[in-house]
Amino acid sequence: MTTLVQHTTEPALRVGGLVLAAGAGSRMGHRPKCLLQFDGMTLLERQLQALTLAGVTPIRVVLGHHAERILQEGVLARWSAQPVHNPQPDDGHVSSLRLGLKALPAGLDAVVVALADQPLIDVQGVQALLAAFAQRPAGTQLLQPKVQGLPGNPVVFSGSVMAQILAGDDLMGARQWQLAHPAAVYHWETPHGHYRLDVDNEADRQAVEQLTGQSLRWPNDLDR
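In this text the structure is predicted, and so the values were computed from the model without any measurement. (Residues numbered from 1 in each chain as written. Predicted model: local features only at pLDDT ≥ 70, side-chain atom pairs only at ≥ 80, totals over all residues. Heavy atoms only, no water.)

A.B. asks: Help me understand helix H6 (residues 159–167) in this model?
C.D. replies: Residues spaced three or four apart along an α-helix face the same direction, because each turn holds 3.6 residues. Taken together, the buried positions of H6 are Gly159, Val161, Met162 and Ile165. Viewed along the axis of H6, the buried residues span an arc of 160°, placing them on a single side of the element. In the core, the buried residues of H6 are packed alongside helix H4 (93–103), strand E6 (110–115), strand E7 (142–147), strand E9 (155–158) and helix H7 (174–180). (Buried < 20%, exposed > 50% of the residue type's maximum accessible area, 1.4 Å probe, protein only. Helix = DSSP H or I, 4+ residues; strand = E, 2+ residues; numbered from the N terminus. Arc of directions from axis to C-beta. Contact = heavy atoms within 4.5 Å.)

A.B. asks: Help me out: how do you make sense of the pattern of salt bridges in this one?
C.D. replies: Side-chain pairs of opposite charge can arise where the charged atoms are in close proximity. Summed over the entire model, instances satisfying the criterion amount to 8 salt bridges. Between Glu73 and Arg69 there is a salt bridge, with the nearest N and O atoms lying 2.8 Å from each other. On the accessibility criterion, Arg69 (16% relative accessible area) is buried. The partner of Arg69 in a salt bridge is Asp221, with the nearest N and O atoms 2.8 Å apart. With Arg69 in helix H2 (residues 67–72) and Asp221 in the segment after strand E11 (216–217), the pair connects residues that are 152 residues apart, well separated along the chain. Three or more residues are tied together by salt bridges with common partners; here these are Arg27, Lys33, Asp117 and Asp200. (Salt bridge = Lys/Arg side-chain N within 4 Å of Asp/Glu carboxyl O.)

A.B. asks: What exactly am I supposed to notice about the nonpolar core here?
C.D. replies: One broad rule of soluble globular proteins: the nonpolar side chains tend to lie buried together. Counting 47 residues, the largest nonpolar core has Val19, Leu44, Leu48, Val56, Ile59, Val61 and Val126 as its most contacted members. For this core, the secondary structure elements donating two or more residues are strand E1 (15–21), helix H1 (43–53), strand E4 (59–63), H2, helix H3 (75–78), E6, helix H5 (123–134) and E7. When residues of this core are assigned to their parent elements, the largest contribution, 6 residues, is made by H5. Ignoring sequence-local partners within four residues, the contact set of Val61 consists of Val19, Ala21, Leu44, Leu48, Leu76, Ala81, Gln82, Pro83 and Val84. Counting 23 residues, the second-largest nonpolar core is a separate cluster that includes Leu97, Val113, Val155 and Ala184. (Core = buried A, V, L, I, M, F, W, Y, C linked by side-chain atoms within 4.5 Å.)

A.B. asks: Is there a simple way to think about the packing of H4 against H6 in this case?
C.D. replies: The axes of two packed helices give the description: the angle between them and the distance between them. The N-to-C vectors of H4 and H6 enclose an angle of 120°; their axes lie 10 Å apart at closest approach. Overall, the two elements H4 and H6 adopt an arrangement that is oblique. Relative to H6, the crossing made by H4 is left-handed. Contacts between H4 and H6 involve Arg98, Leu101 and Lys102 from the former and Met162, Ile165 and Leu166 from the latter. Split into classes, the residues belonging to the contact of H4 with H6 amount to 4 nonpolar, no polar and 2 charged. (Axes fitted to C-alpha atoms, helices over the stretch in contact; angles between N-to-C directions. Parallel < 35°, antiparallel > 145°, perpendicular 65-115°, else oblique. Left-handed = near helix turned anticlockwise from the far one by under 90°. Nonpolar A, V, L, I, M, F, W, Y, C, P; charged D, E, K, R; others polar.)

A.B. asks: Mind showing me how you'd approach the packing of aromatic side chains here?
C.D. replies: Each aromatic ring pair is specified by the distance between its two centres and by the angle formed by the two planes. A complete count under the given rule lists 1 aromatic pair for this structure. Centre to centre, the rings of Trp188 and Tyr195 are 5.7 Å apart; their planes meet at 70°, and the pair counts as edge-to-face. With respect to class, Trp188 is no different from Tyr195; both count as buried. (Phe/Tyr/Trp six-rings, centres within 6.5 Å; stacked < 30°, edge-to-face > 60°.)

In structure tokens, the structure reads:
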């Protein structure tokens, strides 16, 4: 007679995602940086693909400047991400973060907060972050990757941190939470420089091209 053995595993963490894409792109000719194309895919779609394939769901994308043009791409719908509109994007990342967190459901175990202009974040990069977060030191609730001692992105924090940020005033964001709770921050050292690399200006764009041998190209209507 064959005996059936049941294997029990811990339930997977429910991890939501937040992509910040509300900026004006003032140092890039007031164009949406997240629509730069790298290896045939926009930077925004690369982020959505990486998060989704790593099991992050649901995902919210905070839009502000260039929202209509970004939505024209159809990438949010393609990856089942929902837009969140920031009516005052010039108020900065904290305002976008708080709006995005409010749009996520309660009860998440963790949240990944990503920037929309990091060209080299892929599914393996997100998986490594989540694995490090799952094995974080006791008492820590927020993970930030560090490359040669310098802070990187995305960051991951617990549902409890999400609730604490939203319970704070309008100036309370992830950075402010870290300053208030330094002992609860896990500075995860990694040699992978892609956590530090984003595209804020032409020099960054050229650095990506020199590093990878691939060009960052604007869509035809934004190439001027």
